[in-house]
Amino acid sequence: MIKSPLPPSFQTAETPMNGGKPQITKITLHLTTHTIQRLRQIPTSITRPTTLSPLSSLSPAKATKPRKAHHLFSPSILVSTTTHSHRIQTLSLFLTQSLSLMSSSKKTSFPLLTVSLLLLLPFSHPLSPTRPGSSLDPRQLTALESLGFPSTSDACAVPSPRDNATSCDAAAPFRHLISLRLANCSTDLDLPYTALQSLSTLKSISFLNCPIPPPRRLPPQLASSLHSFSCISSLRRVPGALLSPLRNLTELYLTGVPVMASAPIMIISNMVDLTRLTISSANMSGPIPHHWHCLDLVHLDFSFNRLKGVIPGTISMLGSLQTLNLSSNFLTGYIPDSIGDMVSLKNVSLSNNSFFGSIPSSLSDLIDLVQLDLSSNQFNGSIPTFFSGLKKLRVLNLENNNFQGVIPFNSSFISKLEVFKVGGNSNLCYNHTMLSSKLKLGIAPCNRYGLPMSPPGDHLRSDGSDDMDDYGESDSGHDGNGDHHGPSKVVLGVAIGLSCLVFLVIFLVCLSKVCG
């Protein structure tokens, strides 16, 4: 087999015949990506037919002595096709005729074949039904139109901050969607399975205020491609079976939509790559998972649900966790001591539950803690002093619990806090020598026994003792120097009058005896 010197896109195979004359039996056409795109750009309709000249007309030397075989191209091939398959048929016909011509020739001019072939690709109109100004894959463009995107806009343009938006990769010749946001949808909008199949390149999909029916399932290729799934007040409800196949998610955000799952573990058990997990205001029930597979989690928000049970000690497996929000559930029990092992924690909210017991001392190990909200629970005991040693702490909310005793903080610590709330703890009080009443803490000052002082006028003190002697304050029956107030003027006047009357009676009795 003899190889002929040809341009890089062509290879031929020649077989020696009986007469020693080689005959071309095979032409292999290696089309590069650029050439394929040129093929696709042959126009679907051409107003001016393009004539492919025969080889004889391209070669001045041969034009004077035309061979009969040359007229295989007469009449000349007209490129006027309507489908991609027709174009391929045209190209095949051209190559077949070229092969027949070269087989009957003693000397074949392969450069002329190359020039003739390239004449098939002179135009730039695309085969695919892309819109003017759009570089998106035509299938995905059609899918977007079925989802309510306007056909006149470029789907890969700069995304809008409020409405439907997309972002694309930089692939060529057609770009592909990597992010899709559906916002403020019509209730008539549907999510056809075929459209979702066309969007299998998506890495992120989000729904914002789209009260539309959820899809029964996602195409497997799309489910494995997604890294982020967000649903805010959308889809009416989200079945757990829709979420559990999303194994490659790194972010899951669900809020304001009911999640149909018996427990969080039914959703996240296969999501080992999760780093941010929010399922909030979703009416989700069940316990907090005891076993975690997403060990790189940095954000966990299960707030405003119906979770029950306790916080398992195994939550300390989430050593990278920075935000823990379990507020507004039906959780109970103690805060586990193992929470001190979660040294990356910065924000912790356990408010509006039924936790009880004292604050564990292991919280002192959370040196990066910025916010701590334990409000509206049943915590008791004294407030730990170690809070003043947490240098990054800015929010401390302990209101509406059963804490007791004296607040152990001075004014310098409280002043550096952005939020400090301790109201609603009836047995908690403050030392007025350390804290000013101008702070308006919502609790009473302490008396000499470290108990909250009752508000003035609640009752009369029969023993006349001073509850605030230790702090230099006086009770309502004493002046500033500790002297008792005298009787009122009315009482004093009546007493003097009675005394005068008695004296007058005695004087008259004595006078009558002397005179008699």
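As named in an unreviewed UniProt entry, the chain is LRR receptor-like kinase, taken from Rhynchospora pubera.

Caption draft 1: Quick look at the overall build of the chain. From N to C terminus, the chain includes 12 helices and 24 strands. For the chain, the proportion of its 516 residues judged to be buried stands at 40%. The contacts of the chain with a sequence gap of at least 6 include a subset with a gap of at least 24, amounting to 48%. Of the roughly 27,600 Å² of accessible surface on the chain, 56% is carried by carbon and sulfur atoms.

Caption draft 2: Structural view of the nonpolar core. Judged by nonpolar contacts, the single largest core of 96 residues is most densely connected at F229, L252, I267, F387 and I407. In contact with I267, not counting residues within four places along its chain, are G240, L243, S244, L252, V259, A261, I279 and M284.

Caption draft 3: Structural view of unusual backbone geometry. The linkage connecting A172 with the following residue, P173, adopts the cis geometry, with an omega of 5°. The backbone phi angle of N400 is positive, close to 60°, even though this residue is not glycine. By the secondary structure assignment, N400 is in the loop between β20 (395–397) and β21 (402–406). Look at N400 and you get partly exposed, because its relative accessible area is 38%.

Caption draft 4: Examining the environment of A171 more closely. As for its position among the elements, A171 is in the loop between β3 (165–168) and β4 (177–183). Between the C-alpha atom of A171 and that of D137, which follows or precedes it by 34 residues, the distance is 9.8 Å.

Caption draft 5: Just helix α6 (residues 138–146), in detail. Here α6 has its buried residues at P138, Q140, L141, A143 and L144. Buried-residue contacts for α6 involve β3, β4 and α7 (193–198). Its side-chain oxygen at 2.9 Å from the backbone nitrogen of R139, D137 defines the N-terminal cap of α6. Just downstream of α6 lies G148, where phi reads positive at about 95°.

Caption draft 6: Local environment of the pattern of salt bridges. Taken as a whole and judged by the stated rule, the model has 2 salt bridges. A salt bridge links D137 to R139; the nearest nitrogen and oxygen atoms lie 3.9 Å apart. On the accessibility criterion, D137 (10% relative accessible area) is buried. Residue R139 is classed as exposed on the basis of its relative accessible area of 58%. Between D368 and K392 there is a salt bridge whose closest N-O contact spans 2.8 Å.

Caption draft 7: Geometry of the sheet that holds strand β23 (residues 427–430). Taken in spatial order, the 8 strands of this open sheet run β11-β13-β15-β17-β19-β21-β23-β24, and their pairing is parallel. Two strands bound the open sheet, and with one partner strand each, they are β11 (285–286) and β24 (444–445). Two strands pair when backbone bridges link them, and β23 and β24 are joined in this way by 2 bridges, in the parallel orientation. Residue pairing in the sheet places C429 in a bridge with A444 of β24.

Caption draft 8: The side chain of S244, seen in detail. As for its placement among the helices and strands, S244 is situated in the loop between α9 (240–243) and β8 (251–255). Classification of S244 by relative accessible area gives buried; the value is 18%. Beyond its immediate sequence surroundings of up to four residues, S244 is in contact with M266, I267, N270 and M271.

Caption draft 9: Spatial organisation of the environment of L441. With respect to the helices, strands and loops of the structure, L441 is situated in the loop between β23 and β24. What makes L441 buried here is its relative accessible area of 12%. Sequence separation between L441 and F420 is 21 residues, and the spatial gap between their C-alpha atoms is 8.2 Å. Apart from the residues lying within four places of it in its own chain, the contact partners of L441 are I407, F420, V422, G423, Y430 and L435.

Caption draft 10: Main features of the state of the cysteines. Taken as a whole and assessed by the stated rule, the structure comprises 2 disulfides. Each sulfur in the disulfide pair C185 and C210 lies 1.8 Å from the other. Of note, the bridge from C185 to C210 carries an S-S torsion of about 55° and is right-handed in sense. One end of the pair, C185, is in the loop between β4 and α7; the other, C210, is in the loop between β5 (204–208) and α8 (220–225), and 25 residues separate them in sequence.

Caption draft 11: Representation of the sheet that holds β20. Spatially, 12 strands are ordered β3-β4-β5-β6-β8-β10-β12-β14-β16-β18-β20-β22 in an open sheet, and the strand pairing comes out mixed. Sheet topology places β3 and β22 (419–421) at the edges, where each strand pairs with a single neighbour. Sheet twist, expressed as the average angle between the axes of neighbouring strands with direction ignored, equals 10°. Relative to β4, β3 runs antiparallel, the two being bridged by 4 bridges. Along β4, the bridge assignment pairs T166 with L180.

The rules behind these values
Residues numbered from 1 in each chain as written. Predicted model: local features only at pLDDT ≥ 70, side-chain atom pairs only at ≥ 80, totals over all residues. Heavy atoms only, no water. Helix = DSSP H or I, 4+ residues; strand = E, 2+ residues; numbered from the N terminus. Buried < 20%, exposed > 50% of the residue type's maximum accessible area, 1.4 Å probe, protein only. Contact = heavy atoms within 4.5 Å. Areas by Shrake-Rupley, 256 points an atom, 1.4 Å probe, with all protein chains shown as cover. Core = buried A, V, L, I, M, F, W, Y, C linked by side-chain atoms within 4.5 Å. Polar contact = N/O pair within 3.5 Å; in protein donor to acceptor, adjacent residues only side chain to side chain. Salt bridge = Lys/Arg side-chain N within 4 Å of Asp/Glu carboxyl O. Pairing = 2+ DSSP bridges. Disulfide = S-S within 2.5 Å. Axes fitted to C-alpha atoms, helices over the stretch in contact; angles between N-to-C directions.

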